[in-house]
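Breakdown of the fold
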Amino acid sequence: MTTATEASMINPVALFLEADIVVQAIMIGLAIASLWSWAVIADKAMRFSALNRLANTFEAAVGSGRSLEDIAAQAGPNPEHPLPRMLVIALADWREARTRGPLTENQANLLMSRIDRALDSLIARESQRVENGLGVLSVVATSSPFVGLFGTVWGIMNAFGAIALSGNTNLATVAPAISEALFATALGLAAAIPAYIAYNKFSIDAGKFTGRLESFADDLQAAVARRLGGSSGTAPQTTREL
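None of the values given here were measured: they were computed from a predicted structure.

1. Considering the nonpolar core
By size, the foremost hydrophobic cluster in this structure holds 48 residues, and its most contacted members are Met86, Leu87, Leu137, Phe216, Leu220 and Leu228. Those elements giving two or more residues to this core turn out to be helix H3 (21-62), helix H4 (68-75), helix H5 (82-98), helix H6 (105-131), helix H7 (134-166) and helix H8 (171-232). No other element matches the 14 residues that H8 contributes to this core. In contact with Leu87, other than residues within four places in its own chain, are Phe58, Leu68, Ile71, Ala72, Phe216 and Leu220. Listed in part, the six residues of the second largest apolar core include Leu15, Ala19, Met27 and Phe183.

Written out as structure tokens, the structure is:
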């Protein structure tokens, strides 16, 4: 049968209340870090799910055979998602250039360069945007075990000091103090492990989404180049086609 002392040794609340003030402060900090990382995890999971869902819908519309102008008009003048925004930017530059009449080869190259810079700039901004919050997960994942270990070392030092003063080395006296100290390391690992897994998972997701944007940018530039080739007889060299 479990005694009251044994129950308190495995009770997190009791371990926290009986710990040294420094260890308590470390435990509170680790709990806050864990909650912060879980908030980031939930936010990133919902954001990546929404971004990929909208990207799938947009790519399905592009692959359906509809004109790019119709898809851009449906997306609106300032779409929230980066893929339709890239399409709106490219078509706006195309239309602006075409209002000046037939393009020379040099003008066509300048147009392609302008579109390329605009799309690269958008991709860079969106890459930073989808990576926001990953730094928090990285810090929690790498620092929490060491912070928890510091709390454990501090707690064990105090525990042995108290044992030395009392002169009682009975296991029943030593074990609760050691358990309180080790609880800090357990909290550090509990905060670090989910943050580490989530950081790696979302880093991969961010890289895949950035690659998706870059691939569509290549396709979009190829589409514009084909239009330039059809209208002026010359087109910059491209590697992909929509």
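2. Let's talk about the packing of H5 against H6
Taken N-terminus to C-terminus, the directions of H5 and H6 make an angle of 160°; their axes are 10 Å apart at the nearest point. Here H5 is positioned roughly antiparallel relative to H6, judged by the angle of their axes. When you trace H5 past H6, the crossing you get is right-handed. On the side of H5, the interface is formed by Pro82, Arg85, Met86, Ile89, Ala90, Asp93, Trp94 and Ala97, while H6 contributes Leu111, Arg114, Ile115, Ala118, Leu119, Leu122, Ile123, Glu126 and Arg129. Looking at the contact of H5 with H6, its residues break down into 12 nonpolar, no polar and five charged.

3. Some points on the packing of aromatic side chains
Tallying each qualifying case throughout the model produces three aromatic pairs. Between Phe58 and Phe216 the ring centres are 5.4 Å apart and the planes differ by 75°, which places this aromatic pair in the edge-to-face class. Note that Phe58 is positioned in helix H3 and Phe216 in helix H8, a separation of 158 residues in sequence. Here the two residues Phe58 and Phe216 agree in accessibility, since each one is buried.

4. Some thoughts on the pattern of salt bridges
According to the stated counting rule, one finds six salt bridges in the structure shown. The salt bridge partner of Arg129 is Glu80, with a shortest N-O separation of 2.7 Å. Taken together, the positions of Arg129 in helix H6 and Glu80 in the loop between H4 and H5 put the pair 49 residues apart, joining distant regions of the chain. Given the relative accessible area of 58%, Glu80 is considered exposed. Among the ionic contacts, a cluster of salt bridges with common partners joins Glu80, Arg85, Glu126 and Arg129.

5. Some thoughts on the confidence of the model for the chain
Averaged over every residue, the pLDDT of the chain is 83; the share at 70 or more is 86%. When pLDDT is averaged over each helix and strand of the chain, the minimum, 47, is found for helix H1 (residues 4-9) and the maximum, 92, for H3. Across residues 1-9, confidence stays below pLDDT 50; counting only partners more than four residues off in sequence or on other chains, it has nine contacts. Overall, residues 233-242 carries pLDDT values under 50, and its contacts beyond four positions in sequence, including any with other chains, amount to 28 contacts.

6. What about H4?
Turning to H4, its buried residues number three or more, namely Leu68, Ile71 and Ala72. Within H4, the buried residues cover an arc of 100° as seen down the axis, which keeps them to one side. Looking at H4, the residues exposed on the side facing more than 90 degrees away from the buried face are Ala73 and Gln74. A positive backbone phi angle near 95° is found at Gly76, which sits one or two residues after H4.

7. Here's the deal with the environment of Ala118
The residue Ala118 is located in helix H6 in this model. The spacing of Ala118 and Ala90 is 28 residues in sequence and 8.2 Å in space, taken between C-alpha atoms.

8. Focus on the packing of H3 against H5
If you want to describe how two helices pack, look at the angle between their axes and the distance between the axes. At a minimum axis separation of 9 Å, H3 and H5 run at an interaxial angle of 45°. Classed by the angle they form, the pair H3 and H5 counts as oblique. Contacts between H3 and H5 involve Leu51, Ala55, Phe58 and Glu59 on the former and, on the latter, Pro82, Leu83, Pro84 and Leu87. In terms of residue class, the contact of H3 with H5 is made up of seven nonpolar, no polar and one charged.

9. Here's the deal with the side chain of His81
Tracing the backbone through its elements, the reader meets His81 in the loop between H4 and H5. Within the local environment of His81, its side chain forms a polar contact with the backbone oxygen of Leu51, the two atoms lying 2.9 Å apart. Of the polar contacts made by the side chain of His81, one reaches the backbone nitrogen of Leu83; its length is 3.2 Å. Those residues in contact with His81 that lie beyond four places of it in its chain are Leu51, Leu54, Ala55 and Phe209.

Each value, and the rule that gives it
- Residue numbers restart at each chain and count upward from 1, following the sequence in its written direction.
- Local features are withheld for residues below a pLDDT of 70 in this predicted model, meaning they are given only at 70 or higher, and side-chain atom pairs are given and counted only at 80 or more; totals for whole chains, interfaces and linings count all residues.
- Water and hydrogen atoms play no part in the side-chain values, which are based on all heavy atoms of the structure.
- Nonpolar cores are built from buried Ala, Val, Leu, Ile, Met, Phe, Trp, Tyr and Cys residues. Side-chain atoms within 4.5 Å join them into one set.
- Residue burial is assigned from relative accessible area. The probe radius is 1.4 Å, only protein chains are included, and a residue is buried under 20% of its type maximum, exposed over 50%, and partly exposed in between.
- Runs of H or I in DSSP of at least four residues are treated as helices and runs of E of at least two as strands, each being numbered from the N terminus.
- In this description, contact between two residues means that some pair of their heavy atoms is separated by no more than 4.5 Å.
- Lines fitted to C-alpha atoms define the axes, with helix axes restricted to the stretch in contact, and inter-axis angles between N-to-C directions lie between 0 and 180 degrees.
- Angle categories are assigned with fixed cut-offs, so that under 35 degrees is roughly parallel, over 145 is roughly antiparallel, 65 to 115 is roughly perpendicular, and the rest are oblique.
- By definition, turning the near helix anticlockwise from the far helix through less than a right angle yields a left-handed crossing, and turning it clockwise yields a right-handed one.
- Residues are grouped as follows: Ala, Val, Leu, Ile, Met, Phe, Trp, Tyr, Cys and Pro are nonpolar; Asp, Glu, Lys and Arg are charged; all remaining types, including Gly, are polar.
- Side-chain rings of Phe, Tyr and Trp (the six-membered ring for Trp) are treated as a pair once their centres are within 6.5 Å; stacked means planes under 30 degrees apart, edge-to-face means over 60, and tilted covers the remaining angles.
- A side-chain nitrogen of Lys or Arg and a carboxyl oxygen of Asp or Glu constitute a salt bridge if their distance falls within 4 Å.
- Note: pLDDT gives the predictor's confidence per residue, expressed from 0 to 100.
- Directions from the helix axis toward the C-beta atoms define the arc.
- In protein, a polar contact requires one atom able to donate a hydrogen and another able to accept it; more generally it is a pair of N or O atoms within 3.5 Å, and residues adjacent in sequence count only if both atoms are side-chain atoms.

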